[in-house]
Every structure is written in C-alpha cells, then in structure tokens.
Amino acid sequence: MTIDAVIAPPAAQLLIDFVNTVEWQVDEEAWSSPRALRAWLDERTGRDPGSLTEKDLLVARRLREGLREALLAHAGHDPRPGAIDGVNALLAGLPLQLRFDEEGQVHAASVGAFFLAPTLAALDTARADGSWARVKACSRDSCRWAYWDASRNRSGRWCTMAGCGNYVKMRRRNAPAAARADVVASSGRAPRKLDVAAVAGVSMKTVSNVVTGAVPVAPATRERVEAAIEELGYRPNLAARELRTGRREPSGPRD
C-alpha cells in the first residue's frame, strides 16, 4: 500500500483510532477508567497490557493530546504554545530504546511490556514509511478529529468535507465574524475549556465543575485542572455563563 492510498496503512490507522478515543465535540471519552483503557488496548492492538493505574490513564491521555497537536500542525496550524515541548517531555520519560532489524534499519521500540508499546511502534512505523505526514486533525476547532488525508497534494483540512468542511464554509458565507471561532486559530488565540481539559487529562465537564464549584471534584483532579488553567492562562467566558444560567457573576477579576 502506498501513502497515496485512500485507506490509511495499518500503523497510521492505529494512531488515528488512538487519537479519536475522545470526541471533544460531545465531550465523550472512550477511556473513562484504567479498565476501559486496558480493554481498548487489548481489543485494538491484540495485546493485553495487564493491570493499569490512574497514572497510566493520565499518561495515555496526555500522549493522545500531544499527538493531536502534532496532527493539527500537519494540517497547517500552530500547535498550542508549549504543547510540543510537553509531549517531548512525556516521551523522554517513557521506557524507549533503539533496535536494528535484519536489514540494518533502526527502529524505536518500547522496553518490556510497557502498555503503550504498540502505539509507539505504530508511530515509528508511520514515520518510517512516510504515512505520518498524512495523518491530520480536523481544522474545525470544536472537532479536531484525526483523519487520513488521501489527497495527492496533501491539502486536506477537514475530517469530512461533507460535515465540518461545508459547515465552516457556510458559516464564513453567512456569518463571517462568527466563523473565525470555527477554525483552529493561531497561537495568539485565548485558550478554551477544551484546551484545559486536554492538558489536564479530564473531561470538559470536570473543568466546568472545578471552575464553577457546582460539583465537588477529587483533590488530585482539581489540582491538575487548576495547574492546567494556570499554565494556559485560561479565563472562563463569564458573559456566556450568565446567558446559560440566568445569573450574574460577581464583579471583580476574571477567574
């Protein structure tokens, strides 16, 4: 199979499936627990990773979002500030090593039974065969779904033209000012709740619970969310919140 194929090669498809385990548009998470992550890895890679912990779950989610940032760059967007450094730091702490095959080619491999070994092996395979550059993330900001760009000139920007592509184009025609918020913006754009959730490895609902205080959140989770808010400089849209709740927030500094 060539990298111009309509269907992604197996390694690239595994990476696409890995990134798409969360659907940010509806805040739906496939890896809702370490057990769910284990089941997904077992089913998708054919390799039971064994018992996993909350820390393993957080590592997997952070790797997933680091890959998404790289896929957005493939689609022509600036990664979120610090995102690439973050995923590089994560990878630096993983048990990896280099191996040579019988043809003298070098490959990156995981040490022992590390639970993300098949994913990292797929990443190395996609890098080696040239298919990695064709794995992208949708340019619709609320979507960011990973997809295979089968276009010959590698110009694809949407997960589907019929869906996100047409939606954004219609918005540009009918509401040009509002349409700017539909496309992944440059690094100068203010961070969103989605970005906080991605960095903290939690759902957007959890971020909302931390910000509003409406629902108790476990201390360790709250700390991660608050650290992500601080790192990104996130400020909730209080005006939008007032419209949803019908209550006016107290005046003073934005939280």
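Presented here is a report on the structure given in the accompanying data block.

Definitions and limits used
- Residues numbered from 1 in each chain as written.
- Predicted model: local features only at pLDDT ≥ 70, side-chain atom pairs only at ≥ 80, totals over all residues.
- Heavy atoms only, no water.
- Helix = DSSP H or I, 4+ residues; strand = E, 2+ residues; numbered from the N terminus.
- Contact = heavy atoms within 4.5 Å.
- Core = buried A, V, L, I, M, F, W, Y, C linked by side-chain atoms within 4.5 Å.
- Buried < 20%, exposed > 50% of the residue type's maximum accessible area, 1.4 Å probe, protein only.
- Phe/Tyr/Trp six-rings, centres within 6.5 Å; stacked < 30°, edge-to-face > 60°.

1. A closer look at the environment of leucine 90
Examined against the element boundaries, leucine 90 turns out to sit in helix H4 (residues 83–92). On a C-alpha basis, the gap between leucine 90 and arginine 62 in space is 8.0 Å, while along the polypeptide they are 28 residues apart. If near-sequence neighbours (up to four positions away) are discounted, leucine 90 is found in contact with Val59, Arg62 and Leu63.

2. Observations regarding unusual backbone geometry
Its identity is not glycine, yet aspartate 27 carries a phi of approximately 55°, on the positive side. Within the secondary structure layout, aspartate 27 lies in the loop between strand E1 (22–23) and strand E2 (28–29). Backbone geometry places arginine 144, a non-glycine residue, at a positive phi of 55°. The topology assignment puts arginine 144 in the loop between strand E5 (135–137) and strand E6 (146–148).

3. Observations concerning the nonpolar core
Counting 37 residues, the largest nonpolar core has Leu37, Leu63, Phe115, Leu116 and Trp132 as its most contacted members. Within the residue set of this core, elements represented by two or more residues are helix H1 (10–19), helix H2 (34–45), helix H3 (54–74), H4, helix H5 (117–129), E5 and E6. The element best represented in this core is H3, accounting for 8 residues. If sequence neighbours within four positions are ignored, leucine 37 has contacts with Trp31, Leu52, Asp56, Leu57, Ala60 and Phe115. Residues Ala197, Val202, Val225 and Ile229 belong to the second largest nonpolar core, which totals 19 residues.

4. Details of the packing of aromatic side chains
Evaluation of the coordinates by the stated rule reveals 4 aromatic pairs. Seen in terms of ring centroids, phenylalanine 18 and tryptophan 31 are 5.0 Å apart; in terms of plane orientation they differ by 65°. Their pairing is edge-to-face. Separated by 13 residues along the polypeptide, phenylalanine 18 in helix H1 and tryptophan 31 in the loop between E2 and H2 bring together distant segments of the chain. The exposure class assigned to tryptophan 31 is buried, which follows from its relative accessible area of 0%. Ring centres of tryptophan 31 and tryptophan 40 lie 5.6 Å apart, and the angle between their planes is 75°; this geometry places the pair in the edge-to-face category. For the pair shown, tryptophan 31 and tryptophan 40 are each scored as buried. An aromatic cluster is present here, built from Phe18, Trp31 and Trp40 joined pairwise through their rings.

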